[in-house]
Each structure stands twice: as structure tokens, then as C-alpha cells.
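In case you want the letters, here they are:
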Amino acid sequence: MASEYHNPFGIAQAQFDLAAEKLNLDQNLRAVLRVPQRELSVNFPVKHDDGSIKVYSGYRVQHNITRGPAKGGIRYHPSVNLDEVRALAMWMTWKCALVNIPYGGAKGGVIVDPKLLSMTELERLTRRYAAEISVIVGPERDIPAPDVGTNAQVMSWFMDTISMHRGYTVPAIVTGKPIEVGGSLGRVDATGHGVSVITREAAKHIGLRLEQAKVVVQGFGNVGSISAAQIGEMGARIVGLSDVSGGYYNRRGLDVHAMLDYIKQSPTKTLEGYHQTGTERLTNSELLEIECDILVPAALENQITGLNAGRIRTKLLIEAANGPTTPEADALLYDRGVLVVPDILANAGGVTVSYFEWVQGLQEFFWSEEEITERLDRIMVRSFASVLEIALREKISMRLAAYLVAVKRVAEATTIRGIYP
Ligand code: GLU
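(A) Representation of the packing of aromatic side chains. In total, this model carries 11 aromatic pairs according to the counting rule given. Centre to centre, the rings of tryptophan 94 and tyrosine 403 are 6.4 Å apart; their planes meet at 55°, and the pair counts as tilted. Pair noted here: tryptophan 94 is in helix 3 (residues 82–98) and tyrosine 403 is in helix 14 (residues 398–417), with a separation of 309 residues, a long-range link. Here the two residues tryptophan 94 and tyrosine 403 agree in accessibility, since each one is buried. Ring geometry for tyrosine 103 against tyrosine 355: centres 5.7 Å apart, planes inclined by 90°, an arrangement best described as edge-to-face. With tyrosine 103 in the loop between helix 3 and strand 4 (104–111) and tyrosine 355 in helix 12 (residues 349–363), this residue pair connects regions lying 252 residues apart in the sequence. On the basis of relative accessibility, which here comes to 21%, the residue tyrosine 355 falls in the partly exposed class. Here the aromatic residues Tyr103, Tyr355, Phe356, Trp358 and Trp367 are joined through ring pairs into a cluster of three or more.

(B) How the structure looks around the site of the ligand. If you check the shell around the ligand, you find 14 residues, and the closest are Lys71, Lys95, Lys107, Asp147 and Ser354. In this structure, an oxygen atom belonging to the ligand sits 3.1 Å away from a side-chain N or O atom of arginine 187. Note that an oxygen atom of the ligand is positioned 2.6 Å from one of the side-chain N or O atoms of serine 354. In isolation the ligand exposes 290 Å². Once the protein is present, 95% of that is buried. Where the shell around the ligand is concerned, the elements lending two or more residues are strand 3 (70–77), helix 3, strand 5 (142–146) and helix 12. Among the residues making up the shell around the ligand, the classes are represented as 4 nonpolar, 5 polar and 5 charged.

(C) Fine view of helix 12. With 15 residues, helix 12 extends 21 Å between its outermost C-alpha atoms, agreeing within 8% with the 21 Å of an ideal straight helix rising 1.5 Å per residue. The element helix 12 is largely enclosed, with a buried count of 12 among its 15 residues. Listing the buried residues of helix 12 in full gives Gly349, Gly350, Val351, Thr352, Val353, Ser354, Phe356, Glu357, Trp358, Val359, Gln360 and Gly361. For helix 12, the secondary structure elements touched by its buried residues are strand 3, helix 3, strand 5, helix 6 (187–206) and helix 13 (369–394). Positive backbone phi, at 50°, marks glutamate 364, one or two positions downstream of helix 12.

(D) Expanded view of the layout of surface pockets. Computed from the structure, the second largest pocket encloses a volume of approximately 290 Å³. Lining the second largest pocket we find Val32, Val35, Gln37, His63, Asn64, Ile65, Thr66, Thr414, Arg417, Gly418, Ile419 and Tyr420. Elements supplying a minimum of two residues to the lining of the second largest pocket: strand 2 (53–64) and helix 14. Here the residues of the lining of the second largest pocket sort into 5 nonpolar, 6 polar and 1 charged.

(E) Structural detail: the pairing of strand 7 (residues 237–243). Counting buried positions along strand 7 yields 6 of 7 residues, so the element is predominantly enclosed. Bridge analysis of strand 6 (residues 214–218) against strand 7 gives 5 bridges, and the strand direction is parallel. The partner of glutamine 218 across the bridge, within strand 7, is serine 242. Here 4 bridges tie strand 7 to strand 8 (residues 246–249), and the two strands are oriented antiparallel to one another. Note that in strand 8 the partner of aspartate 243 across the bridge is glycine 246. Between strand 7 and strand 8, which pair antiparallel and follow one another directly, the connecting turn spans 2 residues.

The rules behind the values
In this convention, every chain numbers its residues from 1, walking through the sequence in written order. In view of the model being predicted, local features appear only for residues whose pLDDT reaches at least 70, and side-chain atom pairs are presented and counted only at 80 or more, with totals across whole chains, interfaces and linings using the full set of residues. Excluded from the side-chain calculation are hydrogens and water; included are all heavy atoms of the structure. In this scheme Phe, Tyr and Trp rings, the latter by its six-membered ring, pair at centre separations within 6.5 Å, and the angle between planes marks the pair as stacked below 30 degrees, edge-to-face above 60, and tilted otherwise. Secondary structure counts use DSSP, requiring at least four H or I residues in a row for a helix and at least two E residues in a row for a strand, with both numbered from the N terminus. Exposure classes here rest on a 1.4 Å probe applied to the protein chains alone. A residue is buried below 20% of its type maximum, exposed above 50%, and partly exposed in between. Nearness is judged by heavy atoms alone; a residue qualifies as near a molecule or strand once a single heavy atom is within 4 Å of it. Think of a polar contact as two N or O atoms within 3.5 Å of one another; within protein, one of them needs to be a possible hydrogen donor and the other a possible acceptor, and neighboring residues in sequence only count if both atoms come from side chains. Every accessible area reported is derived by Shrake-Rupley at a probe size of 1.4 Å, with residue values counting cover from the shown protein chains alone. Polar here means any residue other than Ala, Val, Leu, Ile, Met, Phe, Trp, Tyr, Cys and Pro, which are nonpolar, and Asp, Glu, Lys and Arg, which are charged; Gly is therefore polar. Helix span, expected: 1.5 Å multiplied by one less than the number of residues in the helix. Note on contacts: a residue pair is in contact if any heavy atoms of the two residues lie within 4.5 Å. Cavities and pockets are defined on a 1 Å grid built over the protein atoms alone: a cavity is a set of grid points where a 1.4 Å probe fits but cannot escape, while a pocket is an open set with protein on both sides within 12 Å along at least five of seven lines, and lining residues are those with an atom within 4 Å of any such point. Grid points are joined across faces, edges and corners, and a volume is the space filled by probe spheres set on the points. Two strands pair under a simple rule: DSSP has to find at least two bridges between them.

In short, geometric facts, not functional conclusions.
Shown next as C-alpha cells:
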């Protein structure tokens, strides 16, 4: 799928360095912020249904906890590696600082293809991984959440495992839980909803009417599918979509709700075999190069690189995924006038509602869906406006503008707290 591989942690550090330079940040502070504070690697056995035992490897990285407890998802994917988890943890630090919620950044991952495991195997893997990383997580220390390959059920097993160890229920140990066990209304849709709000704001800024916009979404997991459905509901035409089975193109517009229904009953849980009159099949790289107004990468890192950035034909690039664009591609797109809304802004809706879930859980007082959506929308709109304002004033990309806000907040908190001892 990726057209070129770059080490995600190298990318995260390069993005940080650009901001640190522009902020003229003290060299000592740079040295502190450009590396993760804590990294835990675990190798653990899991019993498979046939009686065999396999040893899995996983990680939990806390990049920074200066502004509050570490926060970030857990990824189950075969390509997980320590540098990827480090990058994702660092991006969480900036994301939380940008939308100004009182968290640091973390990420976890297990090298596994969850599609190849039965439900019971997935449960055992989750419970054992939870036990292994239990030494560093906690409602006031580090709060996991879903990411690629994990969901509310996985969070529930994670929460139950920690609760069994402690002897009492600890709902605030994770976010993205099912509603039945203290999850928040609106959390499942939060990232995709935030992406659609940001898309609306970005379109307004460039004078693009959504009723006339052609949209391509790469990825059809939680974030891609909800982003596509909601951007479609705002009047835009979703002409291209993809998942692990490849790309689907229909110039008259894809029926996103039919695709969602299809995937629910598909034994492979993919779009493989989906038919709609006038729909063509494409490869993932062809999909990214479709001429459109709005391109929404909602899959993995390293999708838009120096190799294909010149062939991307969109006006807006909304990063629903974490790290889809390399710095080289960023520079090329900026020169070509493509407005890139960076991941730490575009997909911050998920962690924002995670924060609402954590607050509701700690207070044991729950809000209505309207309250949640209203607060989320306010944060997304305000964050977008302040980043855009800086980008226009300083004549810089929205990514650099977002980093200036985020890095400055974390740097100031570090300076005020001082270096221990
Ligand atoms: N995994 C999501 C992200 O990358 C959500 C993290 C969270 O809610 O803590 O932002």
C-alpha cells in the first residue's frame, strides 16, 4: 500500500525540529521533548484455541506527561514496531496540547493481525497484554483507548483485567469503552465526526461548496467509514473509497451506507465482492491519485510521500489517519497550494471525547449526546480557526502552525515545572 517507507519516528522528530527551530526553542528543551520519556517492551505467551502457544511482542510508550496523564490508543497490527509506537506517542502529546486537554501523549501496540485470531484468542491476548503493561497505566497515569485493530470490546477486556487485579472496578483506566460499562455517548463516532467538522471548516475557508465537492477516503475502518458517511451527509459526493481489499471508484458517488451494511455481513469484514452499478476497482495508490476536491487518508502512515505527492490532485487534504504524509510530501503539497490539515488537528475529535469520557467516569456523572457533540464541535472549530490564523499570518503550513501552538504549550509547561531534581 505504502509507496515509500520512512521511519515514522524519524518523521515525527523532523516535524518537531521544524517547529522547535521556528520557535527558537532552547536546545536543552529540544533535547527533552524530542525523545519519549518512558518505553516498555513486553513479550508474552498466549494460548491459542488449538492448544498451541505463541509469544507476542508489544509496547507502551509514554512520550510526555508534563501537562497531565499520558493518553493514547492501543494498536493491533502486524506492522507495529517500537519506532512507530514512539511516533504515535509523540503525535498524541502534540494533539492533546493543541486542543488543550490536560494530557500528555502515549501509545501502545501489539504485533498481531487481529483478523487471524478468534474472539477467545483476542480476549486472552488483550488480557495478558493489559496485565503486562498494568505496571505503568492507571486513571491518573496513562489511559489507553482504541486505535487501528482495537475497539470498545477490547477496551472492556482491558478494563476488566485491571479491575480484577485491583479488586474493584476502575472504569477510568481506559476510554472508548462500551456505553454499558461507562463509555461516553458519541465516542465511537467522535474521530470521524471531528474529521467532518474540520472538512466543513476547511472547505469554507477555500470557498469550496460541499454540495459540489468530490471526496476520496482511504480506509474504511472506524475513522474512514464514519468520516465518509458524515461528509456525504453534509452534501459532498464520495467518489472513491478503499479498505484492505483495494479501492472502489464511482464518479456518480458511492453509496457509503450500503457499503457499511455490506461490510457488517461480510465474512471477511472487508468490502471484497461489493458491487454497485458504475463502480470500478482501483489499487490503493491509484485511489490516492484520483482527481478530487477533498482527499481524506484514514488508514496508516507513509501514504503520501515524495514519490506520489506530485500526482495527488486535490484541493484539500484532511489527515484523518496519524502520520499519512511525509515531510517531503508536505513541502511539495504546500508549494502546489494544496491545503493540508494535519493529523494532530483533523483527528483530534477522538481523544477529545476520550477526555470527556474520562471526566464523566471520574465524576460518575454522565452528559447527554447533545452536550458532548456541542462541546466537541466548539473545540474543533476553535482549534481549526486558531491554527489557520497562525498559518495565514506567518505564511506557513497548517502543520507547522499547529506544531507551534502545541510544542509551545508543552515547552512552557516544562519550563514552569522545572527540571527535577
Ligand atoms: N487512537 C486515537 C488517536 O490516535 C484516540 C486516542 C485516545 O482517545 O486516547 O488519536
